[in-house]
Amino acid sequence: MLKNYFKIAFRGLLKNKSFTLINILGLALGVTAFLLIVFYVVDELSYDRYNIKASRIYRVNEDLKLGDNKVQYAVCMAPLAQTLKSDYPEVENVVRFKRTSSHFKKGTETFLEYDVLFADASVFDVFTLPLIYGDAHHALAKPNTVVLTKTAAKKYFGRTNVVGESLLADNNVSLLITGVMNDMPATSHFKANFLVSMSSYPNSYSDEWLRSDYNTYVLFHDKSGSKKLEAQFSQLLKKYSGLQMQSELKMSYDAFEKGGSYFKLNLIPLTDIHLHSNMTGELGVNGTVQYVYFFSIIAIFILVVACLNFINLSTARSANRSREVGVRKVLGSARKQLVFQFLSESVLIVFIATLIALAAAALLLPVFNQLSGKSLAVTVGTLQWLVPAVLISIMVVGLLSGAYPAFFLSSFRPVDVLKGKLSGGFQSSKLRNALVTFQFFISVFLITGTLVVFKQLQYVQNRDLGYNRNQVLIIHNAFELGNQAKVLKQELRAMPGVVNATLTAFLPVASARNTAIFYKEAVADPKQSLFPQVWSVDEDYVSTLGMKIIAGRNFSNRMSMDSSGVILNQTAVKFLGLINPINKTIYRSSGGVNPTFKPYRILGVVKDFNFNSLRENISPVIMQLSENSGSLSIRINTANLPALLTNIQQKWKSLSSAQFEYAFMDAEFDKLYRTEQQVGKIFLTFTILAITIACLGLFGLAAYAAEQRTKEIGIRKVLGAEVSVIVALLSKDFIKLVVIAIVLATPLAWWAMHQWLQEFAYRINISWWVYALSGCTAIFIASITVSFQSVKAAMANPIKSLRSE
Amino acid sequence: MIQITNLEKFYRTEEVETVALNKLNLEIKTGEFVAIMGPSGCGKSTLLNILGLLDDPDAGSYLFNGTEVAHFNERKRADLRKHNIGFVFQSFNLIDELTVFENVELPLIYTGVSAVERKTRVEEVLTKMQIMHRRNHYPQQLSGGQQQRVAIARAVVNKPKLILADEPTGNLDSSNGNEVMELLTDLNEQGTTIIMVTHSEHDARYSHRIVRLLDGQTVMENIMM
């Protein structure tokens, strides 16, 4: 019986080639997109789950409110970890990380490495990072020891078994290699190529309870421990931080809290960090759970659009299948058997489509990786969930999309269909209209979404940032030159094509950051405090980066007093509540026990500039005139960039043997928005896909509609109807559905995109024309699709169509 | 075999009610060959559909081999149909996607006959209908006469007690038509009851008895033998 069904199904598919192509292609496209997005989503959800103890690992976060400044930290105090381990029995182990970057020497070459972490020796007990060589228990126990990854070992030594070798780091410190570990999984929320023993970092023994620097992870004996510990945090802080507060801030912890300020500790599960944590001091750039939801919805949308195609086309084709249904019923087939037949047919079609989709997804994976910035791959692990998932989805999609056609077709009465009474079935389907409307509802939604994402990105890229990021070359490793950095700066300034240069590691794109506490008066009063970025810059900083001084003046080397002067950004002035800030004095706390207050005179106010991503509001910045030769930023103005680069590089080589590492500031800026750009591209790609699939379906439906109305068209033409009238007649019904879809989708699209934009501190208003444009696009695409069939039908010779009846 | 008493069937549209069968009485004995004739719209096809359990009457009784079947549900009707009744249509109604062999095999699949036996029986009946050499062809590749022979083969492959034929020669030329009528006569002589709706007096002459309908009622019966 089943064989007979499949035989019929196969031959039917071969016979109606265009129907089959549209149906299978549409489904395959849909399933391909679905699979790729599922890959993406599964990857995002799998972060940190490679750790065997993942469910028992938590990170300690710190919420700080000081006066009006509120900050959430992914880091906490140095002594906390040890205290937790020794005082709280529910804690099994703790590990601290401190992020750093370091130079390592390989022969005469020096490389700057960013993925370097100081780590407590317990790291290998808490996290699942197996060592290939070396002993995990003792690897990081002693100062100046390092465990590196296989890749790093190969980079520096050309082989992997390098235990016992040493690596020469900054300031000629020699690190003994005590272990080599596998490269960290891509699905880890932090990346490290080098784990340096925490004991190599002197500050790690600090007893400071008012300073947060360490990413601290706690392993509990069992999950319930986290609740127990969290309940005791406030007590713990009172006990330890309270004491030091008394000495530094000259106030009791209770008074501190009464003033509206607070310290709070809380725990976040390890597996939540990647998608749910975006705090100050994260170990790496995390993802956003919103995008996971976003993409999941798009994936389901696309699959639904493809399934609806299937349902629409199958029921539209019903007229052609009705005779078969009649004959089968006459020959004794029960309805149940017919339902089963049609369901097995749809499962077969879905199966074929899925096979094509699997192949397509495999082929497209590298392209998708480029698009999404991921490195997804099919592994044995993937197959474990993929194979059952695919089988289940074939059944589910096959049954869901086959169910309506099956019940619809099998309900035909043989007496009717054998007499050919059923041709009216096409127009009367309200359900089909609803489904087409829904498909375009989704399409309009996605078009609007794409437009808004791109508008916002464009806005971000064209916004006046308060500085000029174009034509700025950054030499990231200027510190290699030591004292010679200044010499390079002066020589470059004299070079034709160079406008100006500034020597500092503090830049408005991702770079060094430093914070401090300032007070309005020389008293540690939290209400009068400011918690700004403090940047060391030189006198050329403002002019090189194209910032604007809106009050007072810039630093000047000729004024010896300027080293105790500061320039504030507008936000800092606002936070301090200063009316005429110029020449007023503010005080920087030295911190620690018995702090001293150093006075600074405000020399100028710089117009606010964005230095984080536009997702965040501008926070207070205070600039000081002090030497920092971290990197050298050069404003250039030349038509011949390669020649200028060569000249600069020659100058560099005459001063240093280190590699010349440079970047352009606008490119660095774009990096801040890589996620959004990727989201934009993914959105665009899948929108095009969804519309293509919807149009494929519409194309098929239009063909059937034209076929069903052949006689009507013939009669109308004989009676004198023009081609254009007939095209309009045939297209009208479909366009009406698209218009309904636009009306329904617009409010939803407005709401959803409005939500998304809330993530940006600086964002566009969605103007009316965005909706108009997406609506028109949908109508335009639908019209073209439908009219292709309508024109064909309208141009046909009426004699032919009438004779065929 | 068939006993119909006061059978009624109406067709209703929003405004008009048409009487298709009006308190019709009819008895058909096992082994008979009955032709049903009458002008268009007299209720011939409605009667045939009800006899074949493709349609149900609005009132009256229909005894099939002594069982009241007038109000059987769809499952029971399908069951009775597949074991007892074979159909032959004017337009053949073969399934285009299946070969000659597969078309004929279909009723056997629905009655759950094993694959081996199906092969024997299909080949047997195809040989009998002299269409064996076309067994792997598709319906579109055959002439009208050949298609109708396949349709008859399909109708008889299950060895039904009753064959219902709805203008079996309507789409055929006279020589092919005669061949089909000969086939039906042969089947009847082997014991199958045949009820045939026809417009053709010529075809009707092959039957034992002609039932003439007008406006849903029997107006005359001619005994041919």
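Definitions and cut-offs
Along each chain, numbering runs from 1 in the same order as the chain's sequence is written. The lettering of chains begins at A and the numbering of ligands begins at 1, in the order of writing. With pLDDT at 70 or above as the cut-off, local features in this predicted model cover only qualifying residues; side-chain atom pairs require 80 or more to be listed or tallied, and sums for whole chains, interfaces and linings still use all residues. By definition, residue pairs are in contact when their C-beta atoms, positioned from the backbone, come within 7 Å. Under the scheme applied, nonpolar residues are Ala, Val, Leu, Ile, Met, Phe, Trp, Tyr, Cys and Pro; charged residues are Asp, Glu, Lys and Arg; polar residues are all the others, including Gly. Secondary structure elements follow DSSP: runs of H or I no shorter than four residues count as helices, runs of E no shorter than two count as strands, and numbering proceeds from the N terminus. Labels follow a simple rule on C-beta atoms placed from the backbone: if 20 or more others lie within 10 Å of a residue's own, it is buried; if 12 or fewer, it is exposed; otherwise it is partly exposed. The pairing criterion is simple: DSSP has to find at least two bridges between the two strands. Axis definition: a line fitted to C-alpha atoms, limited for helices to the stretch in contact. Angles are taken between N-to-C directions and run from 0 to 180 degrees. Working definition: roughly parallel below 35 degrees, roughly antiparallel above 145 degrees, roughly perpendicular at 65 to 115 degrees, and oblique for all remaining angles. Note on convention: the crossing is left-handed when the near helix lies turned anticlockwise from the far helix by less than a right angle, right-handed when the turn is clockwise. Domain boundaries shown here were taken from an automatic or database domain assignment.

Before going further, it helps to examine the interface of chain B and chain A. Each partner contributes residues to the interface: chain B has 19 residues there, and chain A has 19 residues. Taken together, the residues that form the side of chain B that touches chain A break down as 10 nonpolar, 3 polar and 6 charged.

Further remarks concern unusual backbone geometry. A negative phi holds for most residues other than glycine; trans holds for most peptide bonds. For D48(A), which is not a glycine, the phi torsion comes out positive at approximately 70°. With respect to the secondary-structure elements, D48(A) resides in the loop between α2 (17-45) and β1 (57-66). According to the C-beta neighbour criterion, D48(A) is buried, with 20 such atoms within 10 Å. In this structure, N93(B) is a non-glycine residue whose phi angle is positive, near 50°. The topology assignment puts N93(B) in the loop between β6 (85-88) and α3 (100-110).

Residues and elements named next belong to chain A. Among the 5 residues of strand β22 (residues 621-625), 5 are classified as buried, and the element is accordingly described as predominantly covered. Note: strand β17 (residues 533-537) against β22, 5 bridges, orientation parallel. Among the inter-strand pairings, V534 is bridged to a residue of β22, identified as I622. Pairing of strand β19 (residues 565-569) with β22, which is carried by 3 bridges, proceeds in the antiparallel orientation. Note that in β22 the partner of L568 across the bridge is I622.

Further remarks concern the environment of T315(A). Residue and element names in this part refer to chain A. Relative to the assigned elements, T315 resides in helix α9 (residues 289-316). Taking C-alpha positions, T315 is 7.5 Å from L409, a pair spaced 94 residues apart along the chain. Ignoring anything within four residues of it in the chain, the contact list for T315 reads Y404, P405, F408, S429 and R432.

Residues and elements named next belong to chain A. The contact between α2 and α9 brings their axes to 9 Å, and the two run at 165°. Regarding the angle of α2 to α9, the classification is roughly antiparallel. Crossing hand, α2 versus α9: left-handed. Per-class residue counts for the contact of α2 with α9 are 22 nonpolar, 5 polar and 1 charged.

Another aspect to go through is the domain arrangement of chain A. Residues and elements named next belong to chain A. Domains assigned within chain A are domain 1 (1-46 + 289-425) and domain 2 (58-276). The partner domain 2 presents 4 residues to the 6 residues of domain 1 that form the contact. Contributions of two or more residues to the side of domain 1 that touches domain 2 are made by α2 and α9. Within the side of domain 1 that touches domain 2, the residues separate by chemical class into 2 nonpolar, 2 polar and 2 charged.

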